[in-house]
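Residues per chain, in single letters:
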Amino acid sequence: PQAQPLLVIENLAVHYGRIEALHGISLHVANGELVTLLGANGAGKSTTMRALSGLHKPTTGRIMFEGTDITATTTHARVRSGIIQVPEGRHIFPGMTVLENLDMGCYARKFESKAAYRETLDQVFELFPRLAERRGQYGGTMSGGEQQMLAIGRALMARPRLLLLDEPSMGLAPKVIAQIFAIIKQINAGGTTVLLVEQNAQQALSRSDRAYIMETGVITKEGAGRALLHDNSVRDAYLGVA
Ligand code: ATP
């Protein structure tokens, strides 16, 4: 569904020292969309995520969110405006319970009332019944798939306007990956805009409205998710079939 753009990245370049990792990329995400940034190892996907969450300042270019230039704003300000990231590798708190981990998600975006908190927690538990069952279990003792659910649940506790997911399929079994992607689709269907970074082309492209292909710091292709899934060069490079 094409609506007004929520996020616009224009000509973004990012350096690590003297090495340019992003060579001026441009992309946009409309309100309500599920968009994938697909690329191999080292393509610059995590670098793009870090620039979006304000952890790494770009050298040139700009980032617009809801029509406002946020390029120079802090990570904290971006979180407050609803840009919430689920980092690669999940980074849950292993020594805290599931519920305590979820509560950490509200740390930077306070609830106006106890009822609003309960409502959001109930929504998370509805999406992830496993988290409800295991609310007293330590995060570190959960399986990889459960930890990914917990990381996504924690992000949802911050009520994202834009949910950034960095390789949610990483290190998970195919069956669990399919489950996670189905839930991501459900979150998006509930009205949350999602920008997803992935290497798993099959799952990501089949679930996305649109996708961008990224290769060594440049965007080489853009299109509807399903169209790219059937694109020969994409299939060749990312699906292992010609
Ligand atoms: P992966 O899927 O392996 O995480 P990626 O697409 O997320 O890959 P990035 O991590 O964004 O890729 O890396 C893009 C480029 O920037 C790579 O060439 C990488 O070596 C380089 N790079 C990333 N982080 C740093 C850093 N802290 N210092 C120097 N170079 C870096």
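Remember, predicted model here, so these are calculated numbers, not experimental data.

Student: How do you make sense of the pairing of strand S8 (residues 193-198) when you look at a structure like this?
Tutor: Every regular strand shows the same layout, with side chains that alternate between the two sheet faces. Of all the six residues making up S8, six are buried; the element is thus mostly covered by neighbouring parts of the structure. Where burial is concerned, the two faces of S8 agree: the one with Thr193, Leu195 and Val197 and the one with Val194, Leu196 and Glu198 are both buried. Relative to S8, strand S3 (residues 34-39) runs parallel, the two sharing five bridges. Its bridge partner being in S8, Thr36 is matched across the sheet by Leu196. Pairing geometry for strand S7 (residues 162-166) and S8, over five bridges, is parallel. The residue bridging Leu162 from the neighbouring strand is Thr193, located in S8.

Student: Would you mind showing me how to read the site of the ligand here?
Tutor: Around the ligand, the surrounding shell holds 14 residues, and the nearest of these are Gly42, Gly44, Ser46, Thr47 and Glu167. A distance of 2.8 Å is found between an oxygen atom of the ligand and a backbone nitrogen or oxygen belonging to Lys45. Here the shell around the ligand is composed, by residue class, of four nonpolar, six polar and four charged.

Student: When you look at unusual backbone geometry in this model, what are you seeing that I'm missing?
Tutor: With the exception of glycine, the majority of residues adopt a negative phi angle, and the majority of peptide bonds are in the trans configuration. The phi angle at Asn11 is positive, at roughly 55°, despite the residue not being glycine. If you trace the backbone, Asn11 turns up in strand S1 (residues 5-16). Even without being a glycine, Arg159 presents a positive backbone phi close to 50°. Within the fold, Arg159 resides in the loop between helix H6 (144-156) and S7. Among the residues examined, Arg159 registers a relative accessible area of 27% and is labelled partly exposed.

Student: Can you help me understand the sheet that holds strand S6 (residues 83-86) in this one?
Tutor: Backbone-to-backbone hydrogen bonds join strands into a sheet, with any given pair of strands oriented parallel or antiparallel. Spatial ordering of the open sheet is given by S6-S7-S8-S3-S9-S10, a layout of six strands whose pairing is mixed. If you trace the sheet from one side to the other, it starts and ends with S6 and strand S10 (218-224), each paired once. Each adjacent strand pair in this sheet contributes to an overall mean axis angle of 15°, direction not counted. Where S3 meets strand S9 (residues 210-215), five bridges bridge the pair, whose relative direction is parallel. Bridged to Val35 within S9 is Arg210. Against the sheet, helix H10 (residues 232-239) makes contact with S3, S9 and S10, and its axis sits at roughly 65° relative to S9, the strand it touches most.

Student: Would you explain helix H1 (residues 45-53) in this entry?
Tutor: One turn of the α-helix equals 3.6 residues, which is why residues spaced by three or four share an orientation. Most of H1 is tucked away, with eight of its nine residues classed as buried. Buried within H1 are the following residues: Lys45, Ser46, Thr47, Thr48, Met49, Ala51, Leu52 and Ser53. Positive backbone phi, approximately 85°, marks Gly54, located one or two places after H1.

Student: When you look at the confidence of the model for the protein in this model, what are you seeing that I'm missing?
Tutor: Detailed reading of predicted coordinates is not advised where the pLDDT is low. Averaged over the protein, the pLDDT score is 93; the fraction of residues at 70 or greater is 98%. The least confident element of the protein, judged by mean pLDDT, is H10 at 87; the most confident is strand S4 (residues 60-65) at 97. Among the prediction metrics, the complex's ipTM stands at 0.90, with pTM recorded as 0.93.

Student: Explanation requested: the packing of H6 against helix H7 (residues 174-189) in the structure shown.
Tutor: Axes are the key here: two packed helices are described by the angle between their axes and the distance separating the axes. Two elements in contact, H6 and H7, have axes separated by 10 Å at closest approach and are oriented at 15°. It follows from the interaxial angle that H6 and H7 lie roughly parallel. Considering how the two elements wind past one another, H6 and H7 form a crossing that is right-handed. Where H6 approaches H7, its residues Gly145, Gln148, Met149, Ile152 and Leu156 are matched on the opposing element by Val176, Gln179, Ile180, Ile184 and Ile187. Looking at side-chain class alone, the contact of H6 with H7 contains seven nonpolar, three polar and no charged residues.

Rules used throughout
- Residues numbered from 1 in each chain as written.
- Predicted model: local features only at pLDDT ≥ 70, side-chain atom pairs only at ≥ 80, totals over all residues.
- Heavy atoms only, no water.
- Buried < 20%, exposed > 50% of the residue type's maximum accessible area, 1.4 Å probe, protein only.
- Helix = DSSP H or I, 4+ residues; strand = E, 2+ residues; numbered from the N terminus.
- Pairing = 2+ DSSP bridges.
- Near = heavy atom within 4 Å.
- Polar contact = N/O pair within 3.5 Å; in protein donor to acceptor, adjacent residues only side chain to side chain.
- Nonpolar A, V, L, I, M, F, W, Y, C, P; charged D, E, K, R; others polar.
- Axes fitted to C-alpha atoms, helices over the stretch in contact; angles between N-to-C directions.
- Contact = heavy atoms within 4.5 Å.
- pLDDT = per-residue confidence, 0-100.
- Parallel < 35°, antiparallel > 145°, perpendicular 65-115°, else oblique.
- Left-handed = near helix turned anticlockwise from the far one by under 90°.

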